[in-house]
Amino acid sequence: MEYALVVRWLLLFAALWAVGLPLAARLFRRLPGRGAGLALPVSLVVLTLPAYYVGHLSFGPIALVAGVGTLLVASAVAGLDLGALRRGDLRLASDIDRRAVADAAAVFLVAFLFAVSLRALDPSVHAGGGEKFLDFGLLQSLARASVLPPEDMWFAGEPVRYYYGGHLVSILLARLTATDPSFAYNLALAGFFGFLVTAAFELGRGVAAASGANGRLAGLLSAFFVGFASNLVTAGRVALAALPEGLRRPVARAVAERSQYTVEQVLAGTSSFSYWSASRVIPGTINEFPLFAWLNGDLHAHMMGTPFLLLAAGLAFAYFRTPEEAVGERRLLVAATTLVGALQVVVDTWSFPSVFGVLFLGMVFAPARPWTLFPGRERVRSVVGDDPLTGELARLVGTVAAVGLAGVVAAVLASPFLLGAVAGGGSARTVEILAPDQRSGFGALALVHGAFLAAFAGYYVRRLGAQDGLGGHEWAALLGSFAVLTVVAAVHSFAALALVVPLVAVGWVLLRFADDPRFEAVLVVAGAGLVTLVELIYVNEQAGPGRMNTVFKTYMQVWVLWGSAMGAVLAGFVGDAVAASDVSLPRVDLSVRGGAVSAVGVAFVVLLVASTSVYGGLAVADHADSPRQEETLDATAFAEWWHENESTAITWLDENVEGNPTMLTAPGTTWSATVSDERETVMYGWRGNPESSLTGVPTVAGWAHEVGYRGPDAYYDRVRDVDAMYVGNESTRARLVEQYEVRYVWVGPGERARYGELETDVAWLTPVHRSGSVVVYEVEEARLP
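Residues numbered from 1 in each chain as written. Predicted model: local features only at pLDDT ≥ 70, side-chain atom pairs only at ≥ 80, totals over all residues. Heavy atoms only, no water.

### A word on the packing of aromatic side chains
- Tallying each qualifying case throughout the model produces 48 aromatic pairs.
- Look at Trp641 and Trp642: their rings are 6.0 Å apart centre to centre, the planes differ by 70°, and that puts the pair in the edge-to-face class.
- The exposure class assigned to Trp642 is partly exposed, which follows from its relative accessible area of 48%.
- The ring of Phe494 is capped by Arg439, whose NZ or CZ atom sits 4.6 Å from the centre of that ring.
- Above the face of the Phe155 ring, Arg718 is positioned so that its terminal group lies 3.8 Å from the ring centre. (Phe/Tyr/Trp six-rings, centres within 6.5 Å; stacked < 30°, edge-to-face > 60°. Buried < 20%, exposed > 50% of the residue type's maximum accessible area, 1.4 Å probe, protein only. Lys NZ or Arg CZ within 6 Å of the ring centre and 35° of its normal.)

Set out below in structure tokens:
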């Protein structure tokens, strides 16, 4: 293990945290803890955005200095009392809650070291079972880049058309610690896990403390549900194994009919446990959660965007808590969210709308009226008057205007990326409406979201019971409405209508009309809105059939929003609020002592924690017991272990080739118009361009992912040209080599499997490296015919 590297990264995180604390304290000054656990994401936003913009001119030391300098200046401006400084007195502008900092730092340290331990057991960026070749290739491309955007390692001569902001953050951290990308990959991955879990802790702690609950307990519960909890698939299998024989198979058959599992898989219990199966529940979709994602080990956008989504949620919470008269503070929070949104476009474009969706909810439900952000407040106030309907309409219109303006400004700030990646001419993307038979069933939704749904249903019942005027008739009406919704949902194959939509409707009512609206309900409504949305529409694109990619990218956002809400929700079940006097149950002439209710609440929380821990316990134990060569954080060590000859050539290429010269390798597809490819697997396999993916040296035509980025014509035209450069006549080969400015030609097992024996005895090819069955040739341009 590379302990010195771990310590070096921890020291960097400590420095970034210290510099970010004054910024966080200024933004979150009205929150419990003053945003201590959000200081790292705040620092990363302020560090990365200037480096990103300057990087379009020069991505090197100048960009890094621009980012670090901006962060230091912003921290000084936010942290120092400028009035006192003018008087010659050095004084902090706002207090920092040291206990909150210590708590958050402890959570980060545990989360980071936990993730480091997981990655040390399986550090490899192998191609199978994920997007590691893509992710590591992006990291290496950025390491080689002299200007942004980096050159696409799978489409030489063209910039990448994929969101690379998280990899940009990672390479900045690598440069600040002088870490090679092969180690930076896993350390950055562990860092993002620490950012996420600590942000969830901070959000859960602050939301609970603001409503009078136990903040530390809530924060730990939020950290648990975001960082370690899983869906109910594994616990369900354990419970199924405990059923009588006569019930076991019928229940297993019912589950199999409504999920991606077979009856035998359902009945297997934990005897054939695999960490993979819990992420494939709803047919035709991917249902990831953070622990699965970090066990799998992709350094992927949908994971790296989560800390910034929770930062946006924290800013929305701060807005929610800021009084109406503090117009300047509220404008600052909206401006900060705009910057987070601009970075999020580049980090994870899929969650860019969610950044402003959470801001919309925080603003529309905040006590402060949103139209007061704009000039002419007095004129609007006179028009609105005391009419409730007009007031609600003005609130909605003001929120739409404020959030819409912030979103447009964020898109303008992110235009260098949007104009290149989104408007780049890839495969067509259209928004489609789901057919009833494509929607998720009751059982599948319950398996994926059941723990959250149970907790939020109990929370809503408690909150409704605390409101004055809800008697037996009102409860009967609510239960009757739910029954009708369930029938309609079953008839129209729309399970979310009964399981999820009520969370939006009841949450909206509680937030607008409750005596003390609470921000955890905003997080519940936000997640429920996303789940409902993907049961209605999906983005039809090349990345996966049907709604697969839409659910995949959206459900991670749902998990971190709902997981963060769980702390405040569950803390209420065991807090002082339920242990006060007697509690009367609606429509029942019976009183239950508060202690008994509290005991039930504690049992409920324990059950949820236990049921969502089964997967984590088994998965981590299985991960630790898996066979491995050694414990290391070197993401490329596996190539030396399992592909020694090619690894030597890849290492030579990485260490001896500077910049981004074009390399010719076999394309990342078995399709060909002229040759017979004998490679069994290409994409998601070792034969899929390991040379470019592990070094960042761009190849002419890499993985067929490029079809989605650039369209089929552009990609397959290049595949034809690659084939011609290997097996065409000499004049064709020379013409295409010159056209694509090929500098190196790679001939290894993959090329021989696709083309057979190759003619390389030509005047313009000079061998510059040999190892085993791999030969790397350099093109002598002066000798091209």
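### Some points on the packing of helix H15 (residues 306-321) against helix H25 (residues 519-533)
- Taken N-terminus to C-terminus, the directions of H15 and H25 make an angle of 135°; their axes are 10 Å apart at the nearest point. Taken together, the axes of H15 and H25 are oblique relative to one another. Like other packed secondary-structure pairs, H15 and H25 cross with a definite hand, here right-handed. Where H15 abuts H25, its residues Ala313, Ala316, Phe317 and Phe320 lie against Phe519, Val522 and Leu523.
- Grouping the amino acids of the contact of H15 with H25 by side-chain chemistry returns seven nonpolar, no polar and no charged. (Axes fitted to C-alpha atoms, helices over the stretch in contact; angles between N-to-C directions. Helix = DSSP H or I, 4+ residues; strand = E, 2+ residues; numbered from the N terminus. Parallel < 35°, antiparallel > 145°, perpendicular 65-115°, else oblique. Left-handed = near helix turned anticlockwise from the far one by under 90°. Contact = heavy atoms within 4.5 Å. Nonpolar A, V, L, I, M, F, W, Y, C, P; charged D, E, K, R; others polar.)

### A word on helix H22 (residues 472-491)
- Between its first and last C-alpha atoms H22 spans 29 Å; for 20 residues at 1.5 Å apiece the expected length is 28 Å, and the two agree.
- Directly after H22, the chain includes Ser493, whose backbone phi takes a positive value near 50°. (Expected span 1.5 Å × (residues − 1).)

### With respect to the sheet that holds strand S5 (residues 662-664)
- One open sheet holds the four strands; their spatial order is S5-S6-S8-S7, and the pairing between them is mixed. Single-partner strands in this sheet number two, and they are S5 and strand S7 (765-771). On average, adjacent strands in this sheet sit at an angle of 25° to one another, irrespective of strand direction.
- Pairing geometry for strand S6 (residues 742-747) and strand S8 (residues 774-779), over four bridges, is antiparallel. (Pairing = 2+ DSSP bridges.)

### So, empty space enclosed by the protein
- Applying the stated criterion across every chain, the model contains seven cavities of 30 Å³ or more.
- Considered as a void within the structure, the largest cavity measures approximately 60 Å³ in volume.
- Taken together, Leu664, Met725, Tyr726, Arg733, Val737, Val745, Leu758, Glu759, Thr760, Trp764 and Leu765 make up the full set of residues lining the largest cavity.
- Contributions of two or more residues to the lining of the largest cavity are made by helix H33 (712-727) and helix H34 (730-739).
- Grouping the constituent residues of the lining of the largest cavity by class yields eight nonpolar, one polar and two charged. (1 Å grid on protein atoms, 1.4 Å probe; cavity = no way out; pocket = protein on both sides within 12 Å on 5 of 7 lines; lining within 4 Å. Points joined across faces, edges and corners; volume = space filled by probe spheres on them.)

### Section: the nonpolar core
- Formed by 225 residues in total, the largest nonpolar core has its most connected members in Phe28, Phe456, Trp562 and Leu570.
- For this core, the element with the most residues is helix H8 (residues 181-210), which contributes 18 residues.
- Discounting residues that sit within four places of it in the chain, Trp562 has contacts with His449, Phe452, Leu453, Phe456, Leu503, Leu523, Val524, Gly527, Ala528 and Val531.
- Judged by nonpolar contacts, the second largest core, of 29 residues, contains Ala704, Met725, Trp764 and Leu784. (Core = buried A, V, L, I, M, F, W, Y, C linked by side-chain atoms within 4.5 Å.)

### So, a nonpolar patch on the surface
- A surface patch of nonpolar side chains, amounting to about 450 Å² of accessible area, comprises Val431, Ile433, Leu533, Leu536 and Ile537.
- Along the chain, Ile537 turns up in strand S2 (residues 537-540). (Patch = residues over 30% accessible without salt bridge, like charges linked within 9 Å, V, L, I, M, F, W, Y side chains within 5 Å. Areas by Shrake-Rupley, 256 points an atom, 1.4 Å probe, with all protein chains shown as cover. Salt bridge = Lys/Arg side-chain N within 4 Å of Asp/Glu carboxyl O.)

### Concerning the side chain of Thr306
- For Thr306, the location among the structural elements is in helix H15.
- A residue is classified by how much of its surface remains accessible, and Thr306, at 2% relative accessible area, is buried.
- A distance of 2.6 Å separates the side chain of Thr306 from the backbone oxygen of Met303, its partner in a polar contact.
- Those residues in contact with Thr306, other than ones at most four positions away along the chain, are Leu196, Trp294, Met556 and Val560. (Polar contact = N/O pair within 3.5 Å; in protein donor to acceptor, adjacent residues only side chain to side chain.)

### Observations regarding unusual backbone geometry
- Of note, the bond from Leu148 into Pro149 is cis; its omega dihedral lies within 30 degrees of zero at -5°.
- Positive phi values are uncommon outside glycine, yet Arg34 reaches one of about 50°.
- Relative accessible area serves as the criterion here: at 30%, Arg34 is assigned to the partly exposed category.
- Even without glycine at this site, Ala178 takes up a positive phi of about 50°.
- Take Ala178: it is sitting in the loop between helix H7 (165-176) and H8.

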